[in-house]
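Observations on the model geometry
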Amino acid sequence: MPRLADHILGMPGSGVRHILEQALRLDDAIILAVGEPGEEPAPAIRAAAARAWEAGLTRYAPNGGILPLRQAIVEKLDAVNGFRPDLEQVWVTVGATQALHQAMAMTLAPGDEVLVPDPGYTTFTMNAHMLSAVPVPYQLSPAKGFQPDLAQLEALVTDRTRLLIVNSPSNPLGSTFDLETLRALLDFAARHDLWLLSDECYEAFTYGIPHVSPASLDRDDRVFSVFSTSKTYAMTGARVGWLVTPKGFTSTMLRVQESAVSCVDMPAQYAALEAISGPQDHVRAAAAHYRENLAAASALLDERGFTYLTPTGAFYLWIDVSHATDGDVAAWAEAFLHDQRVAVAPGSAFGRTGEGWIRVCCAARREELLEGLSRLPVPASVPARAAG
């Protein structure tokens, strides 16, 4: 049999998916491992998709997306994110996943290096391997408050570095980067002539601080921005996101989009149009629900003496379980699933800095969330405190 390409054979799998697949085979598992919103899409969103199907809108769409959706995205970015791209900078994609892959494919040649957050979303590293590029982790460590260390970033740059990936609010951490941090990261990218790829899938969920889009600070057209309907509107299965490119990429994107997916299906695009342009009450209600879940879960962790990162965004808790994992949190999480019937994401799935930590999704039903957390092994003689 012919051999697959070496860069595919060496591509790492998802440690989160590994746990999830096992949990789905158990009838009584509490699943806190995957970032699935606990809310349902608003009725108007579902109705918009149904109308499109009933109207027979199942033909090819334009490569960049249907015009009303792209226009709605431009208006939303102007009103909410603080920058107004040209229409030709906005490209509707098959979720944020395709948008991330597309931006990385356009900026990374084989052997090029990309700076990825550690801990960080698993797809960043997986994409780099798929493209024969080299992921270079930059640490987001407890010692630095889970914020980037500019001195470390400077030391990681080589003549092969092409791209810096920024994710705020962070998956898996639930941390956010403030205005000054993002300005410093953009200045760093400018000094080294790097592209900056900003993953903003959790933009709607920040707590007590505003979300800042790097593109609103971009002075020299180096930022690619990625957004999604998945988390904001509980549309994970609809697979609609968008990539906002720097100026001047129209002809390139036409070729790349056509070769990758041609277009996103029209009923899903009409659902996204309704989501973005319709009332946002349900988004605010979801944010309030997730914040209440996070508060209840944090109170339980405090009571039981756990160290964790107090989240300022997304709907995750990043919890230190190193007292129980014996240096292998992935193996521990698998055993914990089968022994206690609770699925959590091992921190090492998101990078080496995640060893000893777990990510817990707090978008589940509160009763299940608290029950799952109550089964975590309590630290011995550790005073309750919150990191960050």
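Before any of the text, the structure's been laid out above.
Analysis parameters
Residues numbered from 1 in each chain as written. Predicted model: local features only at pLDDT ≥ 70, side-chain atom pairs only at ≥ 80, totals over all residues. Heavy atoms only, no water. Helix = DSSP H or I, 4+ residues; strand = E, 2+ residues; numbered from the N terminus. Buried < 20%, exposed > 50% of the residue type's maximum accessible area, 1.4 Å probe, protein only. Contact = heavy atoms within 4.5 Å. Lys, Arg positive; Asp, Glu negative; His and termini not counted. Charge placed at Lys NZ, Arg CZ, Asp CG, Glu CD. Axes fitted to C-alpha atoms, helices over the stretch in contact; angles between N-to-C directions. Parallel < 35°, antiparallel > 145°, perpendicular 65-115°, else oblique. Left-handed = near helix turned anticlockwise from the far one by under 90°. Nonpolar A, V, L, I, M, F, W, Y, C, P; charged D, E, K, R; others polar. Patch = residues over 30% accessible without salt bridge, like charges linked within 9 Å, V, L, I, M, F, W, Y side chains within 5 Å. Areas by Shrake-Rupley, 256 points an atom, 1.4 Å probe, with all protein chains shown as cover. Salt bridge = Lys/Arg side-chain N within 4 Å of Asp/Glu carboxyl O. Pairing = 2+ DSSP bridges. Right-handed = clockwise from strand over helix to strand, strands pointing away.

Helix and strand counts for the protein stand at 14 helices and 14 strands. Taking the principal axes of the C-alpha coordinates as reference, the protein spans close to 60 × 55 × 50 Å. When each of the 388 residues of the protein is scored for burial, the buried share is 53%. Contacts in the protein between residues at least 24 apart in sequence constitute 75% of all its contacts with a sequence separation of at least 6. Each charge sign in the protein was given a centre, from 30 positive and 44 negative side chains, and these centres are 2 Å apart.

Attention shifts here to the packing of helix 5 (residues 95-107) against helix 6 (residues 122-130). Close contact between helix 5 and helix 6 brings their axes to 10 Å; oriented N to C, the two are set at 45°. Judged by the inter-axis angle, helix 5 sits oblique to helix 6. The interaxial crossing formed by helix 5 with helix 6 has right-handed handedness. Together, Leu100, His101 and Met104 of helix 5 and Phe124, Asn127, Ala128 and Met130 of helix 6 make up the contact between the two elements. Broken down by class, the residue content of the contact of helix 5 with helix 6 amounts to five nonpolar, two polar and no charged.

Right, let's talk about a nonpolar patch on the surface for a bit. Residues Leu4, Ile8, Leu9 and Met130 make up a contiguous nonpolar surface patch of roughly 350 Å² in combined accessible area. Within the secondary structure layout, Met130 lies in helix 6.

Now for the pairing of strand 6 (residues 195-199). Burial analysis of strand 6 places four of its five residues in the buried class, the great majority of the element. Pairing of strand 5 (residues 161-167) with strand 6 involves five bridges; the strand directions are parallel. Residue Asn167 lies in a different strand from strand 6, and its bridge partner there is Asp199. As for the winding sense of the linkage, the β-α-β connection from strand 5 through helix 8 (residues 179-191) to strand 6 is right-handed. Relative to strand 7 (residues 223-228), strand 6 is paired through four bridges, and the arrangement is parallel. Along strand 7, the bridge assignment pairs Leu196 with Val223.

Buried within helix 6 we find Thr122, Thr123, Phe124, Met126, Asn127 and Ala128. Buried residues along helix 6 sit in contact with helix 5, strand 3 (113-118), strand 4 (134-139), strand 5 and strand 6. After helix 6 finishes, the residue Ser132 shows a positive phi value of roughly 60°.

Next up on the list: the pattern of salt bridges. Evaluated as defined, the whole model comprises 20 salt bridges. The residue Asp78 makes a salt bridge to Arg84 at a minimum N-O spacing of 2.8 Å. Taking relative accessible area as the criterion, Asp78 reaches 36% and is therefore assigned partly exposed. The network of salt bridges with shared partners includes Glu75, Asp78 and Arg84.

With that out of the way, let us pick up the pairing of strand 7. Judged by how many residues are buried, strand 7 sits mostly within the fold: six of six residues are covered. Side chains Val223, Ser225 and Phe227 project from strand 7 onto one buried face, and the interleaved Phe224, Val226 and Ser228 project onto a second face that is buried too. Sheet analysis places strand 7 next to strand 8 (residues 241-244), joined by four bridges and oriented antiparallel. Across the sheet, the residue bridging to Val226 is Leu243, located in strand 8.

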